[in-house]
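Inside the fold
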Amino acid sequence: DTGVSQNPRHKITKRGQNVTFRCDPISEHNRLYWYRQTLGQGPEFLTYFQNEAQLEKSRLLSDRFSAERPKGSFSTLEIQRTEQGDSAMYLCASSLAVPNYGYTFGSGTRLTVV
Amino acid sequence: DQQVKQNSPSLSVQEGRISILNCDYTNSMFDYFLWYKKYPAEGPTFLISISSIKDKNEDGRFTVFLNKSAKHLSLHIVPSQPGDSAVYFCASYAYEGGADGLTFGKGTHLIIQP
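Treat the numbers as computed from the prediction; the structure is a model and nothing was measured.

Points about the nonpolar core
Judged by nonpolar contacts, the single largest core of 23 residues is most densely connected at W35, L73, L75 and Y88 of chain B. Listed by contribution, the elements that provide at least two residues to this core are strand 3 (19–25), strand 4 (32–38), strand 5 (45–51), strand 7 (62–67), strand 8 (72–77), strand 9 (86–93) and strand 11 (108–113) of chain B. Beyond its immediate stretch of four places on either side in the chain, L73 of chain B contacts L21, N22, C23, Y25, F33, W35, V64, F65, L66 and C90 of chain B. In this structure, V4, L61, Y90 and L111 of chain A belong to the second largest nonpolar core, which totals 19 residues.

Observations regarding the state of the cysteines
Residue and element names in this part refer to chain A. Taken as a whole and judged by the stated rule, the model has two disulfides over all chains. Across the disulfide from C23 sits C92; the S-S distance is 1.9 Å. What sets the handedness of the C23 and C92 disulfide is the S-S torsion sign, and at about -70 degrees it is left-handed. You can see C23 sitting in strand 3 (residues 19–24) and its partner C92 sitting in strand 9 (residues 88–95), a full 69 residues away along the chain. C92 shares its class with C23; the two are buried.

So, how was this worked out
- Residues numbered from 1 in each chain as written.
- Chains lettered and ligands numbered in written order.
- Predicted model: local features only at pLDDT ≥ 70, side-chain atom pairs only at ≥ 80, totals over all residues.
- Heavy atoms only, no water.
- Core = buried A, V, L, I, M, F, W, Y, C linked by side-chain atoms within 4.5 Å.
- Buried < 20%, exposed > 50% of the residue type's maximum accessible area, 1.4 Å probe, protein only.
- Helix = DSSP H or I, 4+ residues; strand = E, 2+ residues; numbered from the N terminus.
- Contact = heavy atoms within 4.5 Å.
- Disulfide = S-S within 2.5 Å.

In structure tokens:
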């Protein structure tokens, strides 16, 4: 297994454009998480899926953000009408049902909105 | 309101000595605590965890101590090695009744000096 894969690694976009990121989790993991990390901060929880069901969304996830996980495999995170404040590292992680042993994170997608 | 606090942004330790990283939390519902290590341009990597029913957990050079009454945990690394230089994040989780994501601190940058 190659771990959690995220694409693209970097994305530069103009303000107002839409962007979509992809995450491929570890195949046997049924939980998938999205986090956002800005400079000098720890990762902040955005949302998570158990299989294909989106079970929780943070209040950080405004209505410009949408995440999907069709068929419980890969996931996409879309940001519509990007703003400069959306510039951050977007991290995906996966785990089996109980995360007390820790998630496996991907390397992240760094978004820069200019 | 930060529920997980790492009050030392950076820590410098000589190679071979003990590194002690500290973390405080405010939410009494947290019952799992984890430490992650992060190198630049990579996602966080799980190091070690502890359940609230324990006060110590050891894994090789890494030991996590939990003081529930003080709402404090610490990560001890001994002996410290150059490869330990990274940012360390403390994270907490409430197994029941809490949000399903991890709550992270802001991180401590550990620098191991030769």
